[in-house]
Amino acid sequence: QQQVKQSPQSLIVQKGGISIINCAYENTAFDYFPWYQQFPGKGPALLIAIRPDVSEKKEGRFTISFNKSAKQFSLHIMDSQPGDSATYFCAATSSGNTPLVFGKGTRLSVIA
Amino acid sequence: DTAVSQTPKYLVTQMGNDKSIKCEQNLGHDTMYWYKQDSKKFLKIMFSYNNKELIINETVPNRFSPKSPDKAHLNLHINSLELGDSAVYFCASSHLLAGAAGELFFGEGSRLTVL
């Protein structure tokens, strides 16, 4: 119930391509879905987040698509750049005293 | 100015030793966390403090003891270190509990290696 399943584990994308990372959850009480980006040797940092009252949120080249009925959400990185190479984590939580539950991460490599 | 700072950044020690990691945040947040990231990059919450009170204590061995002297500091003390404790430990803070859509701010991590 508390799990967030993330795929793929690793992803290699050509520069300029679209990177897509998917996550699925089971707990219908989850109401906040952030994505975190982590560069080597650094802590994760919030990239973009969505609430289930919208189906899509876009910030620059980063878009979250959310499908409430399927209990799935995904991160799309348009025009992927080598500087986007990092590990991406989806997460979920519900209001109240519940911690963020993280997916297992996706290591993205964008190659020129 | 570093928002969430942890010390030390690297820690190498022998099995059986006791060690501490310190964390400080200057963001004025009222909630602080310790996360453990294993070699496979999996992030797992260990503890959470809100205004110096322990509010989340996941299934963590008693050898791990957090201490929050004030709401800007959250330290982690580990007794009788084991090989399996080797990991990167991240401190984080948020203005509200993450369930209330507060953004988590992470430190840069403390890499613990137990030999």
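Residues numbered from 1 in each chain as written. Chains lettered and ligands numbered in written order. Predicted model: local features only at pLDDT ≥ 70, side-chain atom pairs only at ≥ 80, totals over all residues. Heavy atoms only, no water.

A. Unusual backbone geometry, seen in detail. Cis geometry is found at the peptide bond from Ser7 of chain A to Pro8 of chain A, where omega equals -5°. By secondary structure assignment, the location of Pro8 of chain A is in the loop between β1 (4–7) and β2 (10–14). Cis geometry is found at the peptide bond from Thr7 of chain B to Pro8 of chain B, where omega equals -5°. For Pro8 of chain B, the position within the fold is in the loop between β1 (4–7) and β2 (10–13). Despite not being glycine, Lys52 of chain B shows a phi value in the positive range, around 75°. Assignment of secondary structure puts Lys52 of chain B in the loop between β5 (43–50) and β6 (53–57). (Helix = DSSP H or I, 4+ residues; strand = E, 2+ residues; numbered from the N terminus.)

B. Region of the structure containing the pattern of salt bridges. Taken as a whole and assessed by the stated rule, the structure comprises seven salt bridges over all chains. The partner of Glu59 of chain A in a salt bridge is Lys57 of chain A, with the nearest N and O atoms 3.7 Å apart. Connected through shared salt-bridge partners, Lys42 of chain A together with Lys9 and Glu108 of chain B make up one network. (Salt bridge = Lys/Arg side-chain N within 4 Å of Asp/Glu carboxyl O.)

C. Up close: the packing of aromatic side chains. In this structure the tally under the stated criterion is 17 aromatic pairs over all chains. Judged by centre distance (4.8 Å) and plane angle (45°), the rings of Tyr25 of chain A and Phe33 of chain A are tilted. Of the residues examined, Phe33 of chain A reaches a relative accessible area of 0% and is grouped as buried. Measuring from centroid to centroid gives 6.1 Å for Phe90 of chain B and Phe106 of chain B, while their planes differ by 85°, and the two rings are edge-to-face. Highlighted residues: Phe90 of chain B in strand β9 (residues 87–94) and Phe106 of chain B in strand β10 (residues 105–106), separated in sequence by 16 residues. Summarising the burial analysis for this pair, Phe90 of chain B and Phe106 of chain B share the class buried. (Phe/Tyr/Trp six-rings, centres within 6.5 Å; stacked < 30°, edge-to-face > 60°. Buried < 20%, exposed > 50% of the residue type's maximum accessible area, 1.4 Å probe, protein only.)

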